Amino acid sequence: GIQVEQSPPDLILQEGANSTLRCNFSDSVNNLQWFHQNPWGQLINLFYIPSGTKQNGRLSATTVATERYSLLYISSSQTTDSGVYFCAVEPGFGNEKLTFGTGTRLTIIP
Amino acid sequence: KAGVTQTPRYLIKTRGQQVTLSCSPISGHRSVSWYQQTPGQGLQFLFEYFSETQRNKGNFPGRFSGRQFSNSRSEMNVSTLELGDSALYLCASSPDRASTDTQYFGPGTRLTVL
């Protein structure tokens, strides 16, 4: 099946710093979403972005489908940004609805 | 609109028992998918239901099953529980089955098997 790799696995930053999270996928996809999982386990949609660039406040994302990667940018980090960020893709083949990466655990220190 | 709801939120069972989890999708959403999250395997797709029919299935044993009702509510069942079934079970809904649909997740049911 499709492989989804995220980097870095862990990131610790000071409040106010900027960060870039990366998601590489091994084959063509129909759907790519970024999620933030809060400490209580809730997965919150950040972006639906199979290609192109989107921005929402301090967050933005870019997917280059032809090169099979996506980037999530977080600017001016706040402690509430802490949590695990997942990239998930819907392959263009097979039975999987969404295949998730292993996540990036972001910790923002006050 | 109310979000995806899952019940119960927490559950403790013993090995060999069976369990049923429930998911109510966002109003108007017709597709419901289930995922299992464990520390070792991460987030894995279990199955997808649409119009009361299972459309896709992940790589899980037959002990894991589900169904969808005419109002799009879904249940999943795990029989003969094993310790390794301890996990956070997440349900997601989307308007349809199109790959352009964003999936919205519920808060999850945390199952502990003793």
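Everything numeric here is computed off the predicted structure, so don't read it as measured data. (Residues numbered from 1 in each chain as written. Chains lettered and ligands numbered in written order. Predicted model: local features only at pLDDT ≥ 70, side-chain atom pairs only at ≥ 80, totals over all residues. Heavy atoms only, no water.)

Moving on to the overall build of chain B. Scanning chain B from terminus to terminus reveals 0 helices and 11 strands. The C-alpha radius of gyration computed for chain B amounts to 13 Å, which stays within 12% of the reference 13 Å derived for 114 residues, consistent with globular compactness. The dimensions of chain B, computed from C-alpha atoms along their principal axes, are 40 × 25 × 25 Å. Burial statistics for chain B: of 114 residues in total, 50% are counted as buried. If you take every contact in chain B between residues at least 6 apart in sequence, the share linking residues at least 24 apart comes to 54%. For chain B, the exposed area adds up to about 5200 Å²; of that, 47% sits on carbon and sulfur atoms. Both charge centroids of chain B, one from 12 positive and one from 7 negative side chains, sit 5 Å from each other. (Helix = DSSP H or I, 4+ residues; strand = E, 2+ residues; numbered from the N terminus. Rg over C-alpha atoms; globule rule 2.2 N^0.38 Å. Buried < 20%, exposed > 50% of the residue type's maximum accessible area, 1.4 Å probe, protein only. Contact = heavy atoms within 4.5 Å. Areas by Shrake-Rupley, 256 points an atom, 1.4 Å probe, with all protein chains shown as cover. Lys, Arg positive; Asp, Glu negative; His and termini not counted. Charge placed at Lys NZ, Arg CZ, Asp CG, Glu CD.)

So, about the layout of surface pockets. Approximately 910 Å³ is the volume found for the largest pocket. Along the wall of the largest pocket there are 39 residues; nearest its centre are G101 of chain A together with Q41, G42, L43 and Q44 of chain B. Those elements that provide at least two residues to the lining of the largest pocket are strand 9 (83–91), strand 10 (99–100) and strand 11 (104–109) of chain A together with strand 4 (31–38), strand 5 (42–50) and strand 9 (87–94) of chain B. Within the lining of the largest pocket, the residues separate by chemical class into 17 nonpolar, 19 polar and 3 charged. (1 Å grid on protein atoms, 1.4 Å probe; cavity = no way out; pocket = protein on both sides within 12 Å on 5 of 7 lines; lining within 4 Å. Points joined across faces, edges and corners; volume = space filled by probe spheres on them. Nonpolar A, V, L, I, M, F, W, Y, C, P; charged D, E, K, R; others polar.)

The next thing to look at is the interface of chain A and chain B. The parts lose accessible area when they come together, and the size of an interface is often stated as this lost area. Taken together, the contacts link 18 residues of chain A with 21 residues of chain B. Between chain A and chain B the total buried area reaches about 1700 Å² when both faces are included, carbon and sulfur atoms providing 48% of it. Across the chain A-chain B interface, the total number found is 0 salt bridges. Applying the counting criterion to the chain A and chain B interface returns 6 residue pairs in polar contact (both at pLDDT 80 or more). In terms of residues, the side of chain A that touches chain B owes the most to one element, strand 4 (residues 29–37) of chain A, which gives 5 residues. (Buried area = accessible area lost by both parts, 1.4 Å probe. Salt bridge = Lys/Arg side-chain N within 4 Å of Asp/Glu carboxyl O. Polar contact = N/O pair within 3.5 Å; in protein donor to acceptor, adjacent residues only side chain to side chain.)

Applying the stated criterion across every chain, the model contains 2 disulfides over all chains. Each sulfur of the disulfide joining C23 of chain A and C87 of chain A lies 2.0 Å from the other. Residues C23 of chain A and C87 of chain A are joined by a disulfide whose S-S torsion is about -50°; by sign, that bridge is left-handed. Of this pair, C23 of chain A sits in strand 3 (residues 19–25) while C87 of chain A sits in strand 9, and the two are 64 residues apart along the sequence. The partner cysteine of C23 of chain B in its disulfide is C91 of chain B, sulfur to sulfur 1.7 Å. Handedness here is read from the sign of the S-S torsion; for C23 of chain B and C91 of chain B, about -50°, the answer is left-handed. With C23 of chain B in strand 3 (residues 19–24) and C91 of chain B in strand 9, this residue pair connects regions lying 68 residues apart in the sequence. (Disulfide = S-S within 2.5 Å.)

Let us now look at the sheet that holds strand 7 (residues 59–64) of chain A. Residue and element names in this part refer to chain A. Ordered in space as 1-3-8-7-6, the 5 strands form an open sheet in which the pairing is antiparallel. Only two strands of the sheet have a single partner each, and these edge strands are strand 1 (4–7) and strand 6 (52–56). If you compare each strand with its neighbour and ignore which way they point, the axes differ by 15° on average. Of the strand pairs in this sheet, strand 6 and strand 7 are connected by 5 bridges, and their pairing is antiparallel. The residue bridging T53 from the neighbouring strand is T62, located in strand 7. (Pairing = 2+ DSSP bridges. Axes fitted to C-alpha atoms, helices over the stretch in contact; angles between N-to-C directions.)

On to the sheet that holds strand 7 (residues 64–68) of chain B. All names here are of chain B. Strand order in the open sheet formed by 4 strands is 1-3-8-7, with antiparallel pairing between adjacent strands. Looking at strand neighbours, the two that pair on one side only are strand 1 (5–7) and strand 7, the edges of this open sheet. The average undirected angle you get between the axes of adjacent strands in this sheet is 20°. Where strand 7 meets strand 8 (residues 74–78), 5 bridges bridge the pair, whose relative direction is antiparallel. Paired with R67 across the bridge in strand 8 is E75.

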